[in-house]
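Descriptive analysis of the structure
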Amino acid sequence: MWTREIMGMDMLGIVQAFITYSMLGWLVESIYMSICNKRLTNRGFAKGPFCPIYGFGAVLGYMILHPLAENKVALYVAGAVIATIFEFFVARLMEKTLGDVWWDYSEKPLNYKGVICAESTIAWGLYAVIIVCYLHDMIMTTVERIPTQIGAIVSGVIIMYYTLDFLYHVFVALDINMGQYVDKMKETYRAFRAKW
């Protein structure tokens, strides 16, 4: 499973890059917002140091934009446009499923409905150039030094932890009482067991 390739990257490399970019995105975002708010700010949706929008955006962006690595101007423009479109659709998806978006650019100049703005678009283009031309190779060189079995176990544990953390916070955001579902599952299990 881990050795299957997608667009020239094996699955383990994709997962490790996703984890790394999600954590780096969380770190950069949390530092930036802590400076803006003048207090420590966790920019992750869940408790863990993880912003999956950055993981998905960076990995998908790298796969799509890598062919433009030799033309930094085209890479910058394509990265800015694609990431802005991605940010817009993620905002709409969050709004429809969770009823809220976890960022607000309403106070920024040249914003659209508070979910995208010129400042972020400029930054996305810069991030695209940094990731495609410099950062991705450094990350992959580092994670390739980790033995495959250890990398797979650590990656699996991190993804499992984050999935549980994320789901818990989704249930809280949607005001879903997990206790009633657990009780219902227990009743179903008892009824099943009683039949046997």
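As a starting point, this report considers the structure included with it. (Residues numbered from 1 in each chain as written. Predicted model: local features only at pLDDT ≥ 70, side-chain atom pairs only at ≥ 80, totals over all residues. Heavy atoms only, no water.)

Quick look at the packing of aromatic side chains
- In the structure shown here, the tally under the stated rule is eight aromatic pairs.
- Aromatic pair F88 and Y112: ring centres 6.0 Å apart, planes at 45°, arrangement tilted. Taken together, the residues span a long stretch of sequence, with F88 in helix α3 (residues 72-98) and Y112 in strand β3 (residues 111-112) at a distance of 24 residues.
- These aromatic residues form a ring-pair network of at least three members: F18, F50, F56, Y162 and F166. (Phe/Tyr/Trp six-rings, centres within 6.5 Å; stacked < 30°, edge-to-face > 60°. Helix = DSSP H or I, 4+ residues; strand = E, 2+ residues; numbered from the N terminus.)

Thoughts on the nonpolar core
- M9, A17, Y21, V59, L65, V132 and M140 are the most contacted members of the largest nonpolar core, which has 25 residues in total.
- Mapped by element, the contributors of at least two residues to this core are α1 (11-37), α2 (52-65), α3 and α4 (118-144).
- Per-element accounting of this core gives the leading share, seven residues, to α4.
- The residues contacting M9, other than those within four sequence positions of it, are R4, I14, A17, Y62, M63, H136 and M140.
- Counting residues in each nonpolar core, the second largest holds 10 residues, with A91, W103, Y105 and I116 among its members. (Core = buried A, V, L, I, M, F, W, Y, C linked by side-chain atoms within 4.5 Å. Buried < 20%, exposed > 50% of the residue type's maximum accessible area, 1.4 Å probe, protein only. Contact = heavy atoms within 4.5 Å.)

A word on unusual backbone geometry
- Phi at K38 takes a positive value of approximately 60°, unusual for a residue other than glycine.
- Tracing the backbone through its elements, the reader meets K38 in the loop between α1 and α2.
- Positive phi is not limited to glycine here, since K113 has a value of about 55°.
- With respect to the secondary-structure elements, K113 resides in the loop between β3 and β4 (116-117).
- For K113, a relative accessible area of 59% gives the class exposed.

A look at the packing of α2 against α3
- Contact geometry of α2 with α3 gives a least axis separation of 11 Å together with a crossing angle of 140°. As summarised for this structure, α2 and α3 are arranged oblique, according to the angle between their axes. Remark: the crossing between α2 and α3 carries right-handed chirality. Between α2 and α3, the contacting residues are I53, F56, G57, I64 and L65 on the first element and L75, A78, G79, I82, F86 and V90 on the second.
- Residues of the contact of α2 with α3, tallied by class, amount to nine nonpolar, two polar and no charged. (Axes fitted to C-alpha atoms, helices over the stretch in contact; angles between N-to-C directions. Parallel < 35°, antiparallel > 145°, perpendicular 65-115°, else oblique. Left-handed = near helix turned anticlockwise from the far one by under 90°. Nonpolar A, V, L, I, M, F, W, Y, C, P; charged D, E, K, R; others polar.)

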